[in-house]
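Notes for the structure review
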Amino acid sequence: GFRLKPSGATRVTPWRSIGLCGAAVGTPEMAPDGGPVLAASLAVAAGGGGAWTARVLGIEEAEAELAAGADAERALELELEKLYGRAAHLCQAESRSLAYAGEQHKQVPAAIRKLQETLQQTSGVADELSGRVRRLDAVCGRVGEALKIVDDMLELRECSDHVMKAIATEDFERAARYVARFRASQDALPPGTDDASVQVLREAEQQLGFAIRQRFEAAIMAKDKAAVSRFAKMFHPLGLAREGVEKYTEFIRRSLAERCASEFKALVPATAGKRAADAEPSPYAQALTSAFMEIADIVQEHQQSVEEEFGSDNFVAVLRGMVDEADTQALRVIDKFTKDNIKVFKQQAGIDTREVGAVLEETALITQRTQQFHSYVHNVAASVVEMIEDKDKWKADLPAGCSEEDGLLLETKLVRRVQELVSEYVQVENSFLQQSVEKAVRETDMLDPEDGDVFTTTLVDDVFFILQQSLLRATSTFEVQAVGATLNCVSDAIGDQLKAALHNNLQESKRLYSNWVSHAKNIAQPAPGQNPLESLFKDSEGKLRPNLTSAHSWPHSLNNLQQCLEYLHKLKEATEAAFEDSFPHDGPDKDKLPMLHNLLSMALDDRKQELDQMHALHCREGVTMFLGHLRPSLEPLGRLDYSIDEAQYSDFQVNDPFAKAFNNATEMIYQHIKLVINSNSCEEIMQELATRIVKRLEKEALSKRFSLLGALQFESDVRVLCSFFTNVSEQALRHKFARLFEMASLLSLESVDELRELFSEVRNWKLAPDEIRKLIDSRVDFEASETELSLLLPS
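Despite not being glycine, Phe 478 shows a phi value in the positive range, around 65°. Mapped onto the elements, Phe 478 comes out in the loop between α12 (458–476) and α13 (480–517). Phi is positive for Asn 547, close to 50°, though the residue is something other than glycine.

In a regular helix each residue adds 1.5 Å, so 47 residues correspond to 69 Å; helix α15 (residues 593–639) covers 66 Å between its end C-alpha atoms and thus fits that length. Where α15 bends most, at Leu 630, the angle is about 55°, and the proline Pro 632 comes one to four residues later.

Quick look at the confidence of the model for the protein now. Interpretation of this model should avoid reading the predicted coordinates in detail wherever pLDDT is low. Taken as a whole, the protein shows an average pLDDT of 82; of its residues, 84% reach a score of 70 or greater. Low pLDDT, under 50, characterises residues 1–54; the stretch is placed with 71 contacts to residues that sit more than four places away or in other chains. Contacts of residues 270–278 to residues separated by more than four positions or lying in other chains number 10 contacts, the stretch itself having pLDDT below 50.

Turning next to the nonpolar core. Counting 111 residues, the largest nonpolar core has Leu 467, Phe 658, Phe 714, Phe 725, Phe 737 and Leu 746 as the members making the most contacts within it. For this core, the leading source of residues is α15, giving 15 residues. Leave out the neighbours within four places in its chain, and Phe 658 touches Ser 633, Leu 634, Pro 636, Leu 637, Leu 640, Tyr 642, Leu 697, Asp 717 and Leu 721. Membership of the second largest hydrophobic core comes to 67 residues, among which are Leu 256, Leu 288, Ile 295 and Val 316.

This part is about the pattern of salt bridges. Counted by the stated rule, this structure contains 30 salt bridges. With its nearest N and O atoms 3.3 Å apart, the salt bridge here joins Asp 340 to Lys 336. Of the two residues, Asp 340 and Lys 336 both sit in helix α7 (residues 312–340), 4 residues apart, roughly one turn of that helix. Taking relative accessible area as the criterion, Lys 336 reaches 22% and is therefore assigned partly exposed.

This model, assessed by the stated rule, comprises 15 aromatic pairs. A network of ring pairs unites the aromatic residues Tyr 513, Trp 516, Trp 554 and Phe 626 as a single cluster. Above the ring of Trp 765, the side-chain terminus of Arg 763 is found at 4.1 Å from the ring centroid.

The next point concerns empty space enclosed by the protein. Which parts of space are left empty comes out when a probe the size of a water molecule is rolled across the atoms. Inspection of every chain in the model, using the stated rule, returns 3 cavities of 30 Å³ or more. Its boundaries defined by the atoms lining it, the second largest cavity holds a volume of some 50 Å³. What lines the second largest cavity is Cys 260, Glu 263, Phe 264, Leu 267, Ala 287, Gln 329 and Val 333. Among the secondary structure elements, those contributing two or more residues to the lining of the second largest cavity are α5 (241–265) and α7. At 3 residues, α5 tops the list of elements feeding residues into the lining of the second largest cavity. By residue class, the composition of the lining of the second largest cavity is 5 nonpolar, 1 polar and 1 charged.

What follows covers the packing of α15 against helix α17 (residues 659–676). Between α15 and α17, the least distance of the axes is 8 Å, while the angle of their chain directions is 165°. Considering their axes alone, α15 and α17 lie roughly antiparallel with respect to each other. The way α15 lies across α17 gives a crossing that is right-handed. Note on element contacts: α17 touches α15 through Ala 661, Phe 662, Ala 665, Thr 666, Ile 669, His 672 and Ile 673, opposite Phe 626, His 629, Leu 630, Ser 633 and Leu 634.

With their axes 10 Å apart at the nearest point, α12 and helix α14 (residues 554–582) run at an angle of 15° to one another. Viewed along their axes, α12 and α14 adopt a mutual orientation that is roughly parallel. In this structure, α12 crosses over α14, and the sense of that crossing is right-handed. Contacts from Leu 459, Val 460, Asp 461, Phe 464, Leu 467, Gln 468, Leu 471, Leu 472, Thr 475 and Ser 476 in α12 reach Asn 560, Gln 563, Cys 564, Tyr 567, Leu 568, Leu 571, Ala 574, Thr 575, Ala 578, Phe 579 and Ser 582 in α14. Looking at side-chain class alone, the contact of α12 with α14 contains 13 nonpolar, 7 polar and 1 charged residues.

What follows concerns the side chain of Ser 681. The residue Ser 681 is located in helix α18 (residues 679–701) in this model. On the basis of relative accessibility, which here comes to 0%, the residue Ser 681 falls in the buried class. Within the structure, Ser 681 has its side chain in polar contact with the side chain of His 615 (distance 2.7 Å). The contacts of Ser 681, once residues within four sequence positions are left out, are Leu 558, Gln 562, His 615 and Cys 619.

Criteria and cut-off values
Residues numbered from 1 in each chain as written. Predicted model: local features only at pLDDT ≥ 70, side-chain atom pairs only at ≥ 80, totals over all residues. Heavy atoms only, no water. Helix = DSSP H or I, 4+ residues; strand = E, 2+ residues; numbered from the N terminus. Expected span 1.5 Å × (residues − 1). Bend = angle between axes of the 7 residues up to and from the residue. pLDDT = per-residue confidence, 0-100. Contact = heavy atoms within 4.5 Å. Core = buried A, V, L, I, M, F, W, Y, C linked by side-chain atoms within 4.5 Å. Buried < 20%, exposed > 50% of the residue type's maximum accessible area, 1.4 Å probe, protein only. Salt bridge = Lys/Arg side-chain N within 4 Å of Asp/Glu carboxyl O. Phe/Tyr/Trp six-rings, centres within 6.5 Å; stacked < 30°, edge-to-face > 60°. Lys NZ or Arg CZ within 6 Å of the ring centre and 35° of its normal. 1 Å grid on protein atoms, 1.4 Å probe; cavity = no way out; pocket = protein on both sides within 12 Å on 5 of 7 lines; lining within 4 Å. Points joined across faces, edges and corners; volume = space filled by probe spheres on them. Nonpolar A, V, L, I, M, F, W, Y, C, P; charged D, E, K, R; others polar. Axes fitted to C-alpha atoms, helices over the stretch in contact; angles between N-to-C directions. Parallel < 35°, antiparallel > 145°, perpendicular 65-115°, else oblique. Left-handed = near helix turned anticlockwise from the far one by under 90°. Polar contact = N/O pair within 3.5 Å; in protein donor to acceptor, adjacent residues only side chain to side chain.

Written as structure tokens, this is what we have:
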């Protein structure tokens, strides 16, 4: 048997190899044990390499494999021959291509030289053609100019033939068109061209200009608007646009002056006593408004035609003229207004406050109308300036002192005069406000004893009506200076006059009311329909006191104070709304809004805080007045011994020691103040009363001795009081009793274990450590050593 030689045996010498892939069969050798061995190996390369595999072959299998290898060798040789043939063919083809490319490359320099010669020839031809085109274009231009001259000469002769006829027949519009055509073409005609026609047209231009000026003046004298508009439009074709604008502006100003003159004569001051009953309430402001409205109507009516005939830049000049005339007429009205009301602006003494108020209202209206007019004309002018094409030329021709944004004067005489009027207004307004508030708090305050539903007097309504009117009036001027000054004056009036009046009334009424309220019958529930304070308003003889004011009633005075706090909030809201209307967010003065709101807060918020403090103070004083009724019910508390046994505890359950009696007395007071005092003040009083009672109970608890049953009774008393005050109060006040409940919890402990459990909890004690120790020590039946207490109680 044949077998393969194991790995590590003598290397088999190959006897045949087949190209890149084949098999090797070793020659027979003898094995070491003397047996014949055939070492054969067959290698197969896959993908140009691979792993060698070997197995034992028989002779037939080896021959078959050998034959198969020979066939594969022949197939590979055929394939190699084919590949070689193809490679040879490709090499020949590429060689021919390279040879052709080489020949072509040799011809490239000659081709480039030929192309350069062609381009040079083409460039020369192009230059020649370009010269011919330029010469032809010049000839065409001269022909065009000649044709235009011919057309101009024909048009010139046509204009000269018809212009005089048009003037003779007073067809001025047609004549103006002929002159305009002549003026447009005369500069293009060469010197000496048809001098006869030119002479005729020049004479026609002069005659037409004279005729139009004459007719325009006549139309102005006749106040014929249609004729004025007709002839004004003819100035522009004659090259007299500036003169036409000036004359048209002069006509508008003259018409405006005549209309204002008639209204000016009808002006009668409010203090003269001659004004008709059905006359306008503000005649000066109305006259001013009429002038401004007239200008607005003129703008609406003539803006488009003026811009079309004279141009946008000339319409700005018309606007300047109208604004100048408006200044003239408005200054006359304002000067007459201040002169007719000189007493109000200079003296004010001895003048009825209604007359002063009317003058202030009209002053504010005059200022408002002036601000609105100037805002209107500046907006119109700015929109016109945007349409001007040559803005640089327009700006260069602007008169001195005019704005480049709208072409109008930056500051007119009217604006300066109105600023002076505002300064005078501020002085009069401040003086008027102080006098009116003083009168309201000193003279017109009135209490109605018959009205059992209203427990305020007229003082607060009158004062805040005056304050609101002043602030709204100042805001309507659209002048920040007036608003700021009035805010300061309002703040002073509240902080000085009103606050002093409220304080004096409270102090004076307290003297009367404290005596009256000390009698239990006076705080008892009144009969249906009866005023709870009826007896307060009567003297010792039972007669009604005359001229009752808030100084005669402490509840009315306190209600007035609380009403002031409410009205301050309303006043601030009304003023803020007025600011939004007068200084809108999209208006020219929008940047002033934050400053105004800040001034308002500075003026009113501090005063409100002062009145809040004053209200709290007098509520505390009210509690002091009512304590007289509570002292009898609190007297048992001072004598009460909480170191009690079961029998005493049982008795306390039936006969309450003090808490229920105190609640009954407090209930009577609560029902009284609920009838005569506003809810906010009533709440403040009950809160203050609860605070004082709590402090009294804390003081008593820290000074008494307790048994366990006494501690339970103390806790019961605290709960009864807390429940009562919780029921009568709208605001939470259980927190006021927190210390008392902690005291009750400590006093109710039965053993050291409960004490240890209580202090093992995480809680924020409101009692101080020394108070806790004092309460534990006050328990007569609580057994605990000093060491235990020292360890358990906080130090």
